[in-house]
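Chain residues, written in single-letter form:
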Amino acid sequence: MNESIVCMNNINPQKIAVVTGASRGIGRAIAIRLAQDGFVVGVHYGSHSAAAAQTVSAIEEQGGKAYAFSSDLAVPDIGTQFWEAHDTAAALEAGIDPASIAVLVNNAGITLRGTIENFSQDDFLLQQTINVNAPYFIVREALPRMGEGGRIINISSGVTRIAFPEIIGYALTKGAIDAFTLTLAQHLGSRGITVNAVAPGVVDTDINADWLRGNQEVIDGVTADVALGRLGQPEDIAKVVSFLASEDGGWVTGQVIDATGGTHL
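Just so we're clear, the structure is a prediction, and the values are computed from it rather than from any experiment.

Visitor: Can you help me understand the pattern of salt bridges in this one?
Guide: Should the charged atoms of two oppositely charged side chains come close, the side chains can pair. Inspection of every chain in the model, using the stated rule, returns five salt bridges. The salt bridge involving Arg161 is made with Asp258; its shortest N-O contact spans 2.7 Å. Remark: Asp258 occurs in strand S7 (residues 256-259) and Arg161 occurs in the loop between strand S5 (151-155) and helix H6 (168-188); sequence separation between them is 97 residues. Across the salt bridge formed by Arg230 and Asp236, the nearest N and O atoms sit 2.9 Å from each other.

Okay, structure coming up:
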């Protein structure tokens, strides 16, 4: 018998995990894994409604429960709008009380390229809004919904310790996420809420497809710098998130977990 289906049959409707940017890639893998762990999963997406529906279907086909909802992370009142969209979908689509959030995974983000000399101000501000402002305000509005033992997990990046000048603006946003994680962990410790970040390296996802897939020379160059000798897969990151969201991860907080496979050690 498939072990994941056994886990999913132990669904607890009071255990809600919300994953931003969960329609594809790492977010999708995280959503599926948390559903396997027994969570009801809120699958957030920006514009890829069909992909989000596929994520929900994949979870339901394995015996889990999920619902999709859309929210634009670039709007000024993102915290309020995000949770209003979530609550509507949770109540109407999943038929559950959305008031209690056990896990929040801030995964959504954009990677815009350019060195400091040629990275436009508009791109810089848009990336800052989605990668930093949105997680901040989504967390702020989530705190009244989280009880003792809640989990906040932010997706950071290996670029905070590995220099890639062509994505300097992106690296800056992920450095902010690391600082946010540390400080918030101290602030929420008295409530028993853990806050951690997971930092992937190069992962084989749609967002990297344009420069990675089908280019064996590039793949060989990337993997040459990885101690474990291969590209990361979305499921590799989902496993780390699963641990941090579990009871076993309850004594870990304020940490940035390197999940790069040992890139540039």
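On we go.
Visitor: What should I look at first to understand unusual backbone geometry in this one?
Guide: The bulk of non-glycine residues show a negative phi, and the bulk of peptide bonds are trans. Of note in this structure, His264 is not a glycine but carries a positive phi near 55°. Residue classification places His264 among the partly exposed residues on the basis of a relative accessible area of 39%.

Visitor: Can you walk me through the packing of helix H2 (residues 25-36) against helix H8 (residues 234-245) in this structure?
Guide: Look at H2 against H8: their axes get within 8 Å of each other, and the N-to-C directions meet at 45°. By the angle between their directions, the pair H2 and H8 is classed as oblique. As H2 packs across H8, the resulting crossing turns out to be right-handed. Seen from H2, the contacting residues are Gly25, Ile26, Ala29, Ile30, Arg33 and Leu34; seen from H8, they are Pro234, Glu235, Ile237, Ala238, Lys239, Val241, Ser242 and Ala245. Across the contact of H2 with H8, the residue classes break down as nine nonpolar, two polar and three charged.

Visitor: Got a minute to help me understand the packing of aromatic side chains in this structure?
Guide: The description of an aromatic ring pair uses the distance of the two centres, along with the angle that the planes make with each other. As enumerated under the stated definition, the model contains four aromatic pairs in all. Ring plane angle 80° and centroid distance 5.0 Å describe the contact between Phe82 and Trp83, whose orientation is recorded as edge-to-face. Across the pair, exposure class does not vary: Phe82 and Trp83 are buried alike. Here Tyr136 and Phe137 contribute two aromatic rings whose centre-to-centre distance is 5.1 Å and whose plane-to-plane angle is 80°, an arrangement assigned as edge-to-face. Tyr136 sits in the partly exposed class, given a relative accessible area of 41%. A residue is classified by how much of its surface remains accessible, and Phe137, at 28% relative accessible area, is partly exposed. Through a chain of ring-to-ring contacts, three or more aromatic side chains come together here, namely Phe69, Phe82 and Trp83. The lysine or arginine in question, Lys15, covers the ring of Phe39, its NZ or CZ lying 4.3 Å from the ring centre.

Visitor: Help me out: how do you make sense of the pairing of strand S2 (residues 40-45) in this one?
Guide: Within a regular beta strand, the side chains point alternately toward one face of the sheet and then the other, so they alternate between its two faces. In terms of residue burial, S2 counts as a mostly covered element, since six of its six residues are buried. Residues Val40, Gly42 and His44 point to one face of S2 and Val41, Val43 and Tyr45 to the other, with burial holding for every one of them. Bridging between strand S1 (residues 16-19) and S2 involves four bridges; their strand directions are parallel. Each residue of the ladder has a partner; that of Val19, found in S2, is Val43. For S2 and strand S3 (residues 66-70), the ladder comprises five bridges, and the chain directions are parallel. Note on S3: the bridge partner recorded for Gly42 is Tyr67.

Visitor: So what exactly am I meant to see when it comes to the side chain of Thr181 here?
Guide: If you trace the backbone, Thr181 turns up in helix H6. On the basis of relative accessibility, which here comes to 0%, the residue Thr181 falls in the buried class. Here Thr181 is in contact with Asn154, Val195, Asn196, Ala197, Gly254 and Gln255, once residues within four sequence places are set aside.

Visitor: Help me understand the nonpolar core, please; the structure alone is not making it clear to me.
Guide: Across soluble globular proteins, you tend to see nonpolar side chains buried next to one another. With 33 residues, the main nonpolar core has Ile30, Leu34, Val41, Val43, Val103 and Val105 as its most contacted residues. Listing elements by their share of this core, those giving two or more residues are S1, H2, S2, helix H3 (49-61), S3, strand S4 (103-106), S5 and H8. For this core, the element with the highest residue contribution is H2, accounting for seven residues. Not counting the four nearest positions on each side in its chain, Val43 is found in contact with Val19, Ala22, Ser23, Ala31, Ala52, Thr55, Val56, Ala66, Tyr67, Ala68 and Phe69.

Visitor: Even after reading the chapter, I still don't get the environment of Leu126, so can you show me in this structure?
Guide: As for its placement among the helices and strands, Leu126 is situated in helix H5 (residues 121-142). For the pair Leu126 and Val218, spaced 92 residues apart in the sequence, the C-alpha separation amounts to 28 Å. Setting aside residues up to four positions removed in sequence, Leu126 forms contacts with Ala74 and Ile110.

Cut-offs used in this document
Residues numbered from 1 in each chain as written. Predicted model: local features only at pLDDT ≥ 70, side-chain atom pairs only at ≥ 80, totals over all residues. Heavy atoms only, no water. Salt bridge = Lys/Arg side-chain N within 4 Å of Asp/Glu carboxyl O. Helix = DSSP H or I, 4+ residues; strand = E, 2+ residues; numbered from the N terminus. Buried < 20%, exposed > 50% of the residue type's maximum accessible area, 1.4 Å probe, protein only. Axes fitted to C-alpha atoms, helices over the stretch in contact; angles between N-to-C directions. Parallel < 35°, antiparallel > 145°, perpendicular 65-115°, else oblique. Left-handed = near helix turned anticlockwise from the far one by under 90°. Contact = heavy atoms within 4.5 Å. Nonpolar A, V, L, I, M, F, W, Y, C, P; charged D, E, K, R; others polar. Phe/Tyr/Trp six-rings, centres within 6.5 Å; stacked < 30°, edge-to-face > 60°. Lys NZ or Arg CZ within 6 Å of the ring centre and 35° of its normal. Pairing = 2+ DSSP bridges. Core = buried A, V, L, I, M, F, W, Y, C linked by side-chain atoms within 4.5 Å.

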